[in-house]
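What follows is the residue order along each chain.
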Amino acid sequence: MAIIITDECINCGACEPECPNTAIYEGADDWRWKDGTKLSGKIILPDGTEIDSDAAQTPVSDDLYYIVPGKCTECKGFHEEPQCAAVCPVDCCVPDDEHVESEETLLNRQAFLHNE
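Residues numbered from 1 in each chain as written. Predicted model: local features only at pLDDT ≥ 70, side-chain atom pairs only at ≥ 80, totals over all residues. Heavy atoms only, no water.

The name given to the chain in an unreviewed UniProt entry is 4Fe-4S dicluster domain-containing protein, with Flavobacterium bernardetii as the source organism.

Take a look at the structure:
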């Protein structure tokens, strides 16, 4: 995942509804693999971990909106550019140079999340 939400986030929430994978959550909110995807029940993640897609996962941030790395596809397979960055009024949805992924990896994640 190469998109992160920086601490300049004003918690406006503009990004959240734009994410086609429901990978963006409000700070302190639990997240689930099934949210906004076609995943259901017991699943095996690409790294081999078995998990219940309905189980609540620990928030990535308690204070600001955050992106779940394993659900972010940078909108590949849906849009030409990341929609969170396109709508953010303070430009806090930015590339994370520490976690660059190939287009193939992102498209494979999109296929996994949406059973394609």
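### A few points about the packing of aromatic side chains
The tally for this structure, following the rule as stated, stands at 2 aromatic pairs. Each ring, one from Tyr25 and one from Tyr66, has its centre 5.9 Å from the other, and the planes form 25 degrees; the classification is stacked. Here Tyr25 is found in strand 2 (residues 24–25), whereas its partner Tyr66 is found in strand 5 (residues 66–67), with 41 residues between them in sequence. On the basis of relative accessible area, Tyr25 is assigned to the buried category, the value being 6%. (Phe/Tyr/Trp six-rings, centres within 6.5 Å; stacked < 30°, edge-to-face > 60°. Helix = DSSP H or I, 4+ residues; strand = E, 2+ residues; numbered from the N terminus. Buried < 20%, exposed > 50% of the residue type's maximum accessible area, 1.4 Å probe, protein only.)

### Focus on unusual backbone geometry
Despite not being glycine, Thr22 shows a phi value in the positive range, around 50 degrees. Within the element layout of this structure, Thr22 appears in the loop between strand 1 (3–5) and strand 2. In this model, Ala28 sits at a positive phi of 75 degrees, which is unusual for a non-glycine residue. Note that Ala28 resides in the loop between strand 2 and strand 3 (42–44). The exposure class of Ala28 is partly exposed, given its relative accessible area of 42%.

### A look at the side chain of Lys71
Position of Lys71 relative to the elements: it lies in the loop between strand 5 and helix 1 (83–87). No salt bridge is formed by the buried Lys71; the nearest opposite charge belongs to Asp35, separated by 4.8 Å. For Lys71, the side chain forms a polar contact with the main-chain oxygen of Thr22, separated by 2.8 Å. With sequence-adjacent residues up to four places away left out, Lys71 is seen in contact with Asn21, Thr22, Ala23, Tyr25, Trp31, Arg32, Trp33, Asp35, Thr37, Arg109 and Leu113. (Lys, Arg positive; Asp, Glu negative; His and termini not counted. Salt bridge = Lys/Arg side-chain N within 4 Å of Asp/Glu carboxyl O. Polar contact = N/O pair within 3.5 Å; in protein donor to acceptor, adjacent residues only side chain to side chain. Contact = heavy atoms within 4.5 Å.)

### What about the environment of Cys88?
You can see Cys88 is positioned in the loop between helix 1 and strand 6 (93–95). Linking Cys88 and Cys15, residues 73 residues apart in sequence, is a C-alpha distance of 6.2 Å.

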